[in-house]
Structure formats: C-alpha cells, structure tokens
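Fold and geometry: a report
So you can see what is in the structure, the chains are spelled out below.
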Amino acid sequence: MNVAILISGSGSNMLSLIDDMTGPHPGRVRLVLSNTPKAAGISKAVARGITAKVVDYQTYKPNISAFEQALQNQLEAHKIDLICLAGFMHILGSNFIASWKGRILNIHPSLLPKYKGLDTHQRAIDAGDYIAGCTVHEVVTELDSGRILAQGYVNILPDEDALSLAARVLVQEHLLYPKVVREFIDNLLNKISQ
Ligand code: GRF
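In what follows, the accompanying structure is described. A quick note: this is a predicted structure, and the numbers were derived from the prediction, not measured.

Each value, and the rule that gives it
- Residues numbered from 1 in each chain as written.
- Predicted model: local features only at pLDDT ≥ 70, side-chain atom pairs only at ≥ 80, totals over all residues.
- Heavy atoms only, no water.
- Salt bridge = Lys/Arg side-chain N within 4 Å of Asp/Glu carboxyl O.
- Helix = DSSP H or I, 4+ residues; strand = E, 2+ residues; numbered from the N terminus.
- Buried < 20%, exposed > 50% of the residue type's maximum accessible area, 1.4 Å probe, protein only.
- Pairing = 2+ DSSP bridges.
- Right-handed = clockwise from strand over helix to strand, strands pointing away.
- Near = heavy atom within 4 Å.
- Polar contact = N/O pair within 3.5 Å; in protein donor to acceptor, adjacent residues only side chain to side chain.
- Areas by Shrake-Rupley, 256 points an atom, 1.4 Å probe, with all protein chains shown as cover.
- Contact = heavy atoms within 4.5 Å.
- Patch = residues over 30% accessible without salt bridge, like charges linked within 9 Å, V, L, I, M, F, W, Y side chains within 5 Å.
- Axes fitted to C-alpha atoms, helices over the stretch in contact; angles between N-to-C directions.
- Parallel < 35°, antiparallel > 145°, perpendicular 65-115°, else oblique.
- Left-handed = near helix turned anticlockwise from the far one by under 90°.
- Core = buried A, V, L, I, M, F, W, Y, C linked by side-chain atoms within 4.5 Å.

Quick look at the pattern of salt bridges now. In total, this model carries seven salt bridges according to the counting rule given. With its nearest N and O atoms 3.2 Å apart, the salt bridge here joins Arg-48 to Asp-19. Placement of Arg-48 in the loop between helix H2 (41–47) and strand E3 (52–54) and of Asp-19 in helix H1 (residues 12–20) is noted, with a sequence separation of 29 residues between them. Across the pair Glu-160 and Arg-168 runs a salt bridge whose closest N-O atoms are separated by 2.5 Å. For Glu-160, a relative accessible area of 11% gives the class buried.

Here strand E4 (residues 82–85) shows a buried face lined by Leu-82 and Cys-84 and a second buried face lined by Ile-83 and Leu-85. Note that strand E1 (residues 2–7) and E4 share four bridges and pair parallel. Its bridge partner lying in E4, Ala-4 is registered against Ile-83. Pairing geometry for E4 and strand E5 (residues 104–108), over three bridges, is parallel. Paired with Ile-83 across the bridge in E5 is Ile-104. Between the parallel pair E4 and E5, the chain is carried across by helix H5 (residues 94–99), and the sense of this crossover is right-handed.

The next thing to look at is the site of the ligand. Around the ligand sit Ser-10, Gly-11, Ser-12, Asn-13, Gly-87, Ile-107, Pro-109, Leu-170 and Glu-173, and those are all the residues in its vicinity. Gly-11 is positioned with one of its backbone polar atoms (N or O) 3.1 Å from an oxygen atom of the ligand. Between an oxygen atom of the ligand and a side-chain N or O atom of Ser-12, the distance comes to 2.5 Å. In isolation the ligand exposes 360 Å². Once the protein is present, 80% of that is buried. At the level of elements, H1 and helix H7 (162–193) are the ones that each hand at least two residues to the shell around the ligand.

Before going further, it helps to examine the environment of Ala-39. Structurally, Ala-39 is set in the loop between strand E2 (28–34) and H2. On a C-alpha basis, the gap between Ala-39 and Ile-7 in space is 7.2 Å, while along the polypeptide they are 32 residues apart. The contacts of Ala-39, once residues within four sequence positions are left out, are Ile-7, Ser-8, Gly-9 and Ser-34.

What follows deals with a nonpolar patch on the surface. On the surface, a cluster of nonpolar side chains totalling about 390 Å² of accessible area is made up of Tyr-130, Ile-131 and Tyr-153. Structurally, Ile-131 can be placed in strand E6 (residues 131–138). The class of Ile-131 is partly exposed, set by a relative accessible area of 38%.

One face of the sheet, then the other: side chains in a regular strand alternate in exactly this way. Along E6, seven of the eight residues are buried, which leaves the element largely enclosed by surrounding structure. With seven bridges connecting them, E6 and strand E7 (residues 148–155) associate as antiparallel partners. In the sheet register, His-137 faces E7, and the bridge partner there is Ile-148.

All right, on to the packing of H1 against H7 then. Packing of H1 against H7 brings their axes to within 9 Å, and their N-to-C directions diverge by 45 degrees. Here H7 runs oblique to H1, going by the angle between their axes. Between H1 and H7 lies a crossing whose hand is right-handed. Touching Ser-12, Asn-13, Ser-16, Leu-17 and Asp-20 of H1 are Leu-170, Glu-173, His-174, Tyr-177, Pro-178, Val-181 and Arg-182, all from H7.

Moving on to the nonpolar core. The biggest cluster of nonpolar side chains holds 37 residues, and the ones touching the most others in it are Ile-5, Val-32, Tyr-177 and Val-181. In terms of residues, this core owes the most to one element, H7, which gives nine residues. Setting aside chain neighbours within four positions, we find Val-181 in contact with Leu-17, Met-21, Leu-82, Cys-84 and Leu-105. Counting 19 residues, the second-largest nonpolar core is a separate cluster that includes Leu-6, Leu-33, Ile-83 and Leu-85.

Structure follows, in structure tokens:
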C-alpha cells in the first residue's frame, strides 16, 4: 500500500513511519509532501531515498483550492492509497478530506477530545492535568475530531514545562503512530480482500 506523509516541519513522526515501513510491512512511504520549502523533514526524507515534493502554500495563497488541487495532483501521480499527516500545519478543506475519507490519518499531541488545536501541552499544564499524551485519529472536516484509533499516555511531572512535556509526548508519538498505521493498513487490505 502506497503511503504519503504530509509535513510542515522537522518530520520526526515522518521518520518513525519511514523507518517502520520496511521489510514485510504491507505499506511503503512513496512520497513526502511539504507545504513549505522550509520543512527540515524534506532533506531527511531525501536522505532515506524517499521522493519529497514541496507544494508551497505561499505560491498559491489565497487560492486554497488551487493549493489543495496541487497536493492532489502529486498524490495521484504517485498512486497514493493512504495519507499520514505528521506535523502538517495546513487545515485541509472539506472537499479534499471528503475525497480521502477513511484514508487520511493524523497524530495530535493531546488526549483528544481534550485540547484540539495548538499549544496542547501548555494548556494541559495550566489546567492542572496529571496525564497528557497523543492521539492518532482519522481526519474529518472538523479539526482534530475524527474517529480516535489509539492514544499514548504520559504523566505530567511536578514543575513540568511545555517544552519538557512536548519532548516526552513526542517519544510516545514515535511509538504509537507506526503501530497504528501498520494495523490500519492491515485492516484496509483485509477489507479489500473480502
Ligand atoms: C508533534 O507534536 C505532532 O504531534 C504534531 O506536530 C509536532 C511535530 O511533529 N502534529 P514532527 O516532529 O514534525 O513529526
């Protein structure tokens, strides 16, 4: 199964997925797409022999539909079956998401449905929470609201700050996302074979 990973930044989750999808794994990362040429993940993907393309949002704005059509063109050109968002900072429109319904995943750095959106760690600390974590979910039009597939948990330590918590949650993300994607692809392939 051909997988595309969409990034905007360092791509640490992208690397975990690339490194997991080898050998007997039924998925292969065929494409990394970034919405900005500044994404540090681009060179990491290329260094691993993965095709990386930039569809620069700055080139298309404010024409969001043209931007998302350019994304779609790359996905079709590489015969992609499944999209994994990994630090992708563009909120995809309803038409794009509708065309990928059931085949687009995201990892979010909170225990959804708590703390949708940004600054998740600081919000958990400010709320006095004892537990934080990450969630892998299907992507739907409403932000960070799709079917939850799995979650990873991290205790919030006394005197924790957002940076230290983010780093500890990221460790869990790197374990969770590959595990969920492997199971998700197995389930998709089982459905196709029935
Ligand atoms: C991570 O916290 C991830 O949960 C969120 O973006 C952050 C950076 O991810 N989606 P990465 O290092 O670019 O994979």
